[in-house]
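Structural overview for review
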Amino acid sequence: PRERPGGGGGASQTAEFGRPYAGKVSRDAERLYVFNDTRQPGQVDAVRVNVQSDSEDLQYPVLFVVRQQKGVLSWQVPLIFRGLYQRSYNYQEVSRTLCPSESMPESGPPERIIYVDVASMAPYDVHYTLEVTRLKSFKLETNSAFSFKASPSEPQYFLYKFPPDVDSVIVKVVSKAVYPCSVVSIQDIVCPVYDLDHNVEFNGVYQSMTKQAAITVQKKDFLEEQFFVVFVIKPEDYACGGSVPASVQGNETWNLRRMKYLEVTVVPSIKESVYVHAILFSFLSFFSFYLGSLFVAFVHYIRSRRKGCSGGASPDDGNCDSHALC
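Residues numbered from 1 in each chain as written. Predicted model: local features only at pLDDT ≥ 70, side-chain atom pairs only at ≥ 80, totals over all residues. Heavy atoms only, no water.

Now for the side chain of Asp195. Mapped onto the elements, Asp195 comes out in the loop between strand E18 (182-187) and strand E19 (205-209). Note on Asp195: relative accessible area 2%, which makes it buried. Among the polar contacts made by the side chain of Asp195, one reaches the side chain of Arg96 at a distance of 2.9 Å. Excluding residues within four positions of it along the chain, Asp195 makes contact with Arg96, Pro155, Tyr157, Val230 and Val232. (Helix = DSSP H or I, 4+ residues; strand = E, 2+ residues; numbered from the N terminus. Buried < 20%, exposed > 50% of the residue type's maximum accessible area, 1.4 Å probe, protein only. Polar contact = N/O pair within 3.5 Å; in protein donor to acceptor, adjacent residues only side chain to side chain. Contact = heavy atoms within 4.5 Å.)

Laid out in structure tokens, this is it:
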């Protein structure tokens with residue numbers, strides 16, 4: 001560790017991906033971690049930050065600020081979620097995915113620097129742990145199921161890019177458990193990504209789910225022909241028809257109780273030409289049926305006229321056509 005430029009009672013250090021770091025902060029000391037992310041040109045990488053703190057004092061939370069080239073992401077621990085009737089749920093473990101950026105060949109060296117600042121205004125030392133990892137599975141593949149887990153303080157989102165020969169897909173999500181209630185959102189490739197309970201409805205289209213969900217997505221709706229699939233677990237189940245807890249203990253950690261295991265699969269939907277062919281086939285089928293019915297009715301009419309004339313009617317009485325007797 002080395003002193004941060006400009007003083008401030010903090011220390012900065014160069015950190016490594018995949019290595020956990022433990023420390024303590026207070027109003028007199030803060031920490032800065034510097035991560036150097038080297039990528040190949042054209043490669044899209046996602047980085048996930050996992051933090052935890054043993055502090056239960058809501059007056060002096062630990063503040064985490066992540067600075068990237070094009071954005072800032074921040075949160076506090078304990079992380080507080082609001083429920084129905086002003087209920088609050090505290091989470092002491094938080095995991096967030098940083099908004100990815102694609103390395104362009106003309107942008108210079110293919111590297112990205114990430115700063116993680118840890119601070120607190122507590123008059124005493126507060127302990128924390130920090131780990132920053134690269135996501136190995138961030139891109140969803142067509143017709144390939146991907147399993148993962150999420151909680152209210154540990155949302156997940158993944159990237160999907162349309163293949164050249166696919167114009168529309170269906171994002172299917174399944175879970176073995178009904179609860180906790182979750183939300184599936186389709187969002188454009190913009191930062192920040194809305195991946196928390198209080199803001200997931202601000203962008204794109206979304207659908208709440210218990211055990212199954214399906215959303216149809218068309219390529220023409222996205223200029224870059226790709227989108228994010230965001231998964232958010234709600235702190236309460238009333239949005240999915242569930243009950244609200246009768247009582248909530250003030251500083252209880254809910255991570256384990258609200259964890260949900262999900263599986264997502266992106267499959268191509270039926271092409272427009274198939275719909276057109278189906279409509280034309282149905283139209284021709286009904287048209288043939290009505291044409292056949294009309295022909296049968298006409299034949300039945302002719303046969304009835306013939307029977308009427310052969311039963312004794314005269315062609316001169318006007319009730320029988322002489323040509324019908326031929």
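Looking now at the sheet that holds strand E6 (residues 47-53). Spatial ordering of the open sheet is given by E3-E14-E6-E11, a layout of four strands whose pairing is antiparallel. Every other strand in the sheet has two partners, leaving strand E3 (21-25) and strand E11 (93-97) as the edge strands with one partner each. Neighbour-to-neighbour, the strand axes of this sheet turn through a mean angle of 20°, independent of strand direction. (Pairing = 2+ DSSP bridges. Axes fitted to C-alpha atoms, helices over the stretch in contact; angles between N-to-C directions.)

A separate point is a nonpolar patch on the surface. A cluster of nonpolar residues, Phe283, Leu284, Phe287, Leu291 and Leu294, forms a patch on the protein surface that exposes about 560 Å² of accessible area. Within the element layout of this structure, Phe287 appears in helix H1 (residues 272-310). Judged by relative accessible area, Phe287 falls into the partly exposed class, the value being 47%. (Patch = residues over 30% accessible without salt bridge, like charges linked within 9 Å, V, L, I, M, F, W, Y side chains within 5 Å. Areas by Shrake-Rupley, 256 points an atom, 1.4 Å probe, with all protein chains shown as cover. Salt bridge = Lys/Arg side-chain N within 4 Å of Asp/Glu carboxyl O.)

The subject of this paragraph is the state of the cysteines. Under the criterion given, the structure shown has two disulfides. Across the disulfide, Cys99 is cross-linked to Cys191 (sulfur-sulfur distance 1.6 Å). Around the S-S axis, the bridge from Cys99 to Cys191 shows a dihedral of about -75° and counts as left-handed. Within this pair, whereas Cys99 is found in the loop between E11 and strand E12 (101-102), its partner Cys191 is found in the loop between E18 and E19, the two being separated by 92 residues in sequence. Two residues share a disulfide in this structure: Cys181 and Cys240, whose sulfurs sit 1.8 Å from each other. Around the S-S axis, the bridge from Cys181 to Cys240 shows a dihedral of about 55° and counts as right-handed. With Cys181 in the loop between strand E17 (168-174) and E18 and Cys240 in the loop between strand E21 (226-233) and strand E22 (260-268), this pair connects stretches of sequence that are 59 residues apart. (Disulfide = S-S within 2.5 Å.)

Bringing the packing of aromatic side chains into the picture now. For the coordinates displayed, the defined rule picks out 20 aromatic pairs. Ring geometry for Phe148 and Phe231: centres 4.7 Å apart, planes at 55°, overall tilted. Taken together, the residues Phe148 in strand E15 (residues 146-150) and Phe231 in strand E21 connect sequence positions 83 residues apart. Using a relative accessible area of 10% as the deciding quantity, one classes Phe148 as buried. For Phe231, a relative accessible area of 1% translates into the label buried. With a centroid separation of 5.6 Å and 70° between ring planes, the pair formed by Phe289 and Tyr290 is classed as edge-to-face. Per residue, the accessibility class of Phe289 equals that of Tyr290, and both read exposed. (Phe/Tyr/Trp six-rings, centres within 6.5 Å; stacked < 30°, edge-to-face > 60°.)

Bringing the nonpolar core into the picture now. Ranked by size, the top nonpolar core spans 30 residues in total, and within it Tyr33, Trp75 and Val116 carry the most contacts. Those residues in contact with Tyr33, other than ones at most four positions away along the chain, are Gln13, Ala15, Tyr21, Ile114, Tyr115, Val116, Val118, Tyr128 and Leu130. Counting 24 residues, the second-largest nonpolar core is a separate cluster that includes Tyr160, Val173, Val184 and Met209. (Core = buried A, V, L, I, M, F, W, Y, C linked by side-chain atoms within 4.5 Å.)

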